[in-house]
Amino acid sequence: MIVDKQHINLHLDAHTVGLEVERDQEPNYRKAADLLNRRYQYYLKLRPNASAEQLWMYTALEVAVALQSDAREKSLVPVEKELKALNEQILNCLTSDI
């Protein structure tokens, strides 16, 4: 399978990052860069005396926590579906004529 890649440049604060990405993933990279820049600017306003390194650490930590929370929520979806099905079966048993 041939993967169609393209070169993109992303701007993260004062830095430019050049990447080769799959063409269909390019919008995701741009959205991610936009999110990182917004969060970096938030921390810059919150802590104007912090170093760039500290601001990037706050930014990275926030994004990592959001990623972990999202992964946990997604991992619970199959469990929630199974519990719903079991609850429906229990209700059906309780309300059926025996």
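Residues numbered from 1 in each chain as written. Predicted model: local features only at pLDDT ≥ 70, side-chain atom pairs only at ≥ 80, totals over all residues. Heavy atoms only, no water.

Enquirer: For this particular structure, what's the right way to read the overall build of the protein?
Expert: Summing up its helical and strand segments, the protein has two helices and two strands in all. For the protein, the N- to C-terminal ordering of α and β elements is β-β-α-α. Against the globule reference of 13 Å for 98 residues, the protein gives a C-alpha radius of gyration of 22 Å, more extended than a compact globule. Seen through its principal axes, the protein has C-alpha atoms that stretch 70 × 45 × 15 Å. By residue count, 12% of the 98 residues in the protein fall in the buried class. Partitioning the intrachain contacts of the protein with sequence separation of at least 6 by distance along the chain shows that 17% fall at a separation of at least 24. Here the protein has roughly 8,200 Å² of accessible surface; of this, 57% comes from carbon and sulfur atoms. Here the protein holds 12 positive side-chain charges and 15 negative ones, and the gap between their average locations is 5 Å. (Helix = DSSP H or I, 4+ residues; strand = E, 2+ residues; numbered from the N terminus. Rg over C-alpha atoms; globule rule 2.2 N^0.38 Å. Buried < 20%, exposed > 50% of the residue type's maximum accessible area, 1.4 Å probe, protein only. Contact = heavy atoms within 4.5 Å. Areas by Shrake-Rupley, 256 points an atom, 1.4 Å probe, with all protein chains shown as cover. Lys, Arg positive; Asp, Glu negative; His and termini not counted. Charge placed at Lys NZ, Arg CZ, Asp CG, Glu CD.)

Enquirer: It is not clear to me how the side chain of Thr59 should be interpreted in this structure. Could you clarify?
Expert: By secondary structure assignment, the location of Thr59 is in helix α2 (residues 52-95). You can call Thr59 buried: its relative accessible area is 1%.

Enquirer: Is there a simple way to think about the nonpolar core in this case?
Expert: Where a protein is soluble and globular, its nonpolar side chains tend to be buried together. If you look at the biggest cluster of nonpolar residues, it comprises five residues: Ile8, Leu10, Leu12, Val21 and Ala33. Broken down by element, this core gets its largest block of residues, three residues, from strand β1 (residues 5-12). Not counting the four nearest positions on each side in its chain, Ala33 is found in contact with Leu10 and Leu12. (Core = buried A, V, L, I, M, F, W, Y, C linked by side-chain atoms within 4.5 Å.)

Enquirer: Just to check I follow, could you spell out the pattern of salt bridges for this structure?
Expert: One side chain can pair with another of opposite charge once the charged atoms of both are near each other. In this structure the tally under the stated criterion is four salt bridges. Close ionic contact of Asp34 with Arg38 constitutes a salt bridge, the shortest N to O distance being 2.4 Å. Here the residue Asp34 and the residue Arg38 both occupy positions in helix α1 (residues 26-46), the gap between them amounting to four residues, near one helical turn. Overall, the relative accessible area of 45% leaves Arg38 in the partly exposed class. (Salt bridge = Lys/Arg side-chain N within 4 Å of Asp/Glu carboxyl O.)

Enquirer: How should I be thinking about the side chain of Gln6 in this particular structure?
Expert: Within the element layout of this structure, Gln6 appears in strand β1. Under the relative-accessibility criterion, Gln6 is labelled buried at 15%. In this structure, Gln6 is in contact with Leu19, Glu20, Val21, Arg23 and Glu26, ignoring residues within four places of it in sequence.

Enquirer: Explain the pairing of β1 to me, please; I cannot follow it from the model alone.
Expert: Note on strand geometry: in a regular strand, side chains alternate between the two faces of the sheet. By the alternation rule, side chains of β1 split into Gln6, Ile8, Leu10 and Leu12, which are all buried, and Lys5, His7, Asn9 and His11, of which none is buried. Summarising the sheet, β1 and strand β2 (residues 15-22) pair through eight bridges and their orientation is antiparallel. Counted as the bridge partner of Lys5 is Glu22 from β2. Adjacent in sequence and paired antiparallel, β1 and β2 are bridged by two residues, among which Asp13 carries a positive phi angle near 55 degrees. (Pairing = 2+ DSSP bridges.)

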